[in-house]
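Below are the chains, spelled out letter by letter.
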Amino acid sequence: MVPLLLVLLLALILFGAGFALKALWWIAVIVLVLWLLGFVARGTHSSGRRHRWYRW
């Protein structure tokens, strides 16, 4: 009975980790798209030079 419980616990942990990693991948893709859109949609200075769209 104990080995069966250990296998089920391991499967539950791996499923949870897999779901968390998949969610993190989707978050990373969304952040990457927003970052790339920031380069495309950045404004210009009055001198005509482009500036960074972020403050840091």
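Residues numbered from 1 in each chain as written. Predicted model: local features only at pLDDT ≥ 70, side-chain atom pairs only at ≥ 80, totals over all residues. Heavy atoms only, no water.

Enquirer: Break down the overall build of the protein for me, with residues and values.
Expert: For the protein, the helix and strand inventory stands at 1 helix and 0 strands. Within the protein, the proportion of its 56 residues that are buried is 2%. When the accessible surface of the protein is summed, it comes to about 5600 Å², and 77% of that surface belongs to carbon and sulfur atoms. (Helix = DSSP H or I, 4+ residues; strand = E, 2+ residues; numbered from the N terminus. Buried < 20%, exposed > 50% of the residue type's maximum accessible area, 1.4 Å probe, protein only. Areas by Shrake-Rupley, 256 points an atom, 1.4 Å probe, with all protein chains shown as cover.)

Enquirer: Describe a nonpolar patch on the surface, listing the residues and the values that go with them.
Expert: Taken together, the side chains of Trp26, Val29, Ile30, Val33, Leu34 and Leu37 make up a nonpolar region of the molecular surface, amounting to roughly 610 Å² of accessible area. Along the chain, Leu37 falls in helix H1 (residues 2-40). (Patch = residues over 30% accessible without salt bridge, like charges linked within 9 Å, V, L, I, M, F, W, Y side chains within 5 Å. Salt bridge = Lys/Arg side-chain N within 4 Å of Asp/Glu carboxyl O.)

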